[in-house]
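Architecture at a glance
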Amino acid sequence: MSAPADPRLFDVVVREGLYGLNREKLAGVLEEMVLLAGGWPETAVPGARALLKVNMLAAKGPERGITTHPEVVAAVGLLLQKRGCRVFVGDSPGGAVRGVERYWRNCGYLDVCRETGMELVNFESSGSREVTVRGRSYHVALPVLEGFDLRINLCKFKTHSYCRITCAVKNSFGIVPGLGKAMLHTRSPRPRDLAVNLVDLYEAARFDLHICDALIAMDGRGPSTDGRPRPDGVLAAARDGVCMDAALCAMAGLPPRELDTTRVALDRGLGKPPEEITVDGPRVFRDFDIPRESWLNWVPPFLGAVAGKLLKAVPRSNSRCTGCGFCARSCPVKAIEVRNGRAVMKKGKCIMCLCCHELCPENAVEVRIPLLRRGGR
Ligand code: SF4
Ligand code: SF4
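Residues numbered from 1 in each chain as written. Chains lettered and ligands numbered in written order. Predicted model: local features only at pLDDT ≥ 70, side-chain atom pairs only at ≥ 80, totals over all residues.

With that out of the way, let us pick up the confidence of the model for the protein. In this model, the protein carries a mean pLDDT of 90, and residues with pLDDT of at least 70 account for 92%. This model gives residues 370–377 a pLDDT under 50, and the stretch forms 17 contacts once residues within four places in sequence are excluded. (pLDDT = per-residue confidence, 0-100. Contact = placed C-beta atoms within 7 Å.)

Written out as C-alpha cells, the structure reads:
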C-alpha cells in the first residue's frame, strides 16, 4: 500500500470502534469516509433513485454477522435522502424462491425501511434480463440494470468456507435472482472458476460506490450460521470494489492475490495493484481465522465437475426434524421425501438452493461441508 497521489483522497477509507453506534452516529462517520474516498456518485442528486444492494444471505438477525447490518443500511439511506434521493434496498438470497419477505423482516430491513421511508425491492419478482460479459451470459435482476440512477454495494466482510473471503466483488452474486445462483455453483464447482463468474457479475453490476459493513464481521467457517461473528466495529468505503477487497483481505492477513476473485479482477486490469492502493485508517483485523484454499482448485478442470458432484455438500435433517414435510413441499426440484417421520434429501437431485435450510421451522436442516472440501480442517 502506498501514499496517495492526492493527499486528501484515498482508494479505501477504514474506520474502527463503531460497534453499537446508532444510525445517526454512523451516518456522521460515513459522510466523512465517503468524502475521503472520493465523494458520493455524481448521480446522487435531488430526485435520483438510489439502489442499496445489501448482503441478505440468510433470514437471520444482524447479531449473527451474516447480513449487512440494518443500522448501516439506514445510515447510508439517511445520507442519500439528505441529498434528495429516493432510496431502495434489495438483494436476492439463495433460498428466497418461495418468498423474500421473511428475509426482509428477520434481517431488520422491513423495520428500518418503515422508520426511514426507504423502500424494499424484490429482486425475485422484478424480472431479469440476459447480460453477456466477456462472452458468458447471465440472468441479472432488472433493478440492477435499469430504473436506478446509482447503485451502492453495501457488502459484508466475512469468511467463506468455499471462496475464503466475501466482500465487495462476491456480493455481486446476489444480482442473479432465484435459482440462477445455485446453477452457477453447479456449472463452476471449482472456486477459481466461480471467481470468473463473480467478477463478470461485478462488472455487470456497475456499482458506483462500495460501503463494507464489518461492525459485526465473521471469521472461521463463514459465510452463514457456522461462522464466528466478531464485533470488530469496522466500516470501509471505496469507489472501487476490487481495491476494497484487496485492502480488507490484507487487513485480515490474506495476501490479496490469494483471493481468487481479486486475482481474476486484477488480471483483467480492474482495480489497482495492491501495492499502489492507498488506505486511510487502521490496517489490521486481529486474529482473523481464514479458511484454507479449497482443494478443488487443484483438480484439473475436466475433473472439477465430477469431483464437485462426488463431494457435494447436501443438506441433511437432524434429530430435531418432526417430519412435518414443509421442506419437501418447498423444495423447487422435489429432492426431499419424508421417510419414517424424517426428511431425506436426495443428493442426485439437490441443487443446493438452501431453501430447506432456510425454511425449516425447527432449525433441523444442517449443511455440512465435507472434510476434504474444508481443506482438511
Ligand atoms: S421442514 Fe424441518 S422439521 Fe419439517 S420435515 Fe423438513 S426438516 Fe423436518
Ligand atoms: S434439498 Fe436441495 S434443492 Fe431441495 S430445498 Fe434443500 S437445498 Fe434446495
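Next comes the rest of the account.
With that settled, consider helix H8 (residues 241–252). Relative to the 16 Å expected for 12 residues at 1.5 Å per residue, H8 spans 16 Å between its end C-alpha atoms, a close match to the ideal helical length. Those residues of H8 not exposed but buried are Gly241, Val242, Cys243, Met244, Asp245, Ala246, Ala247, Leu248, Cys249, Ala250, Met251 and Ala252. Gly253 sits one or two residues past H8 and shows a positive phi near 100°. (Helix = DSSP H or I, 4+ residues; strand = E, 2+ residues; numbered from the N terminus. Expected span 1.5 Å × (residues − 1). Buried ≥ 20, exposed ≤ 12 C-beta atoms within 10 Å, placed from the backbone.)

Counting 98 residues, the largest nonpolar core has Val12, Ala50, Leu52, Val76, Cys212 and Ala236 as its most contacted members. When near neighbours in sequence (up to four residues on either side) are disregarded, Ala50 contacts Ala44, Leu80, Cys85, Val87, Phe88, Phe148, Asp149, Leu150 and Ile152. Counting 15 residues, the second largest nonpolar core, distinct from the first, contains Cys327, Ala343, Cys353 and Cys356. (Core = buried A, V, L, I, M, F, W, Y, C linked by C-beta atoms within 7 Å.)

With that settled, consider the packing of helix H2 (residues 70–82) against helix H4 (residues 109–116). Two packed helices can be described by the angle between their axes and the distance between those axes. One can describe the packing of H2 onto H4 by two numbers: an axis separation of 9 Å at closest approach and a directional angle of 25°. Judged by the inter-axis angle, H2 sits roughly parallel to H4. You can see that H2 and H4 cross each other, and the crossing is right-handed. Only Tyr109, Asp111, Val112 and Thr116 of H4 make contact with H2, whose side of the interface consists of Pro70, Val73, Ala74, Gly77 and Leu78. Partitioning the contact of H2 with H4 into residue classes produces 6 nonpolar, 2 polar and 1 charged. (Axes fitted to C-alpha atoms, helices over the stretch in contact; angles between N-to-C directions. Parallel < 35°, antiparallel > 145°, perpendicular 65-115°, else oblique. Left-handed = near helix turned anticlockwise from the far one by under 90°. Nonpolar A, V, L, I, M, F, W, Y, C, P; charged D, E, K, R; others polar.)

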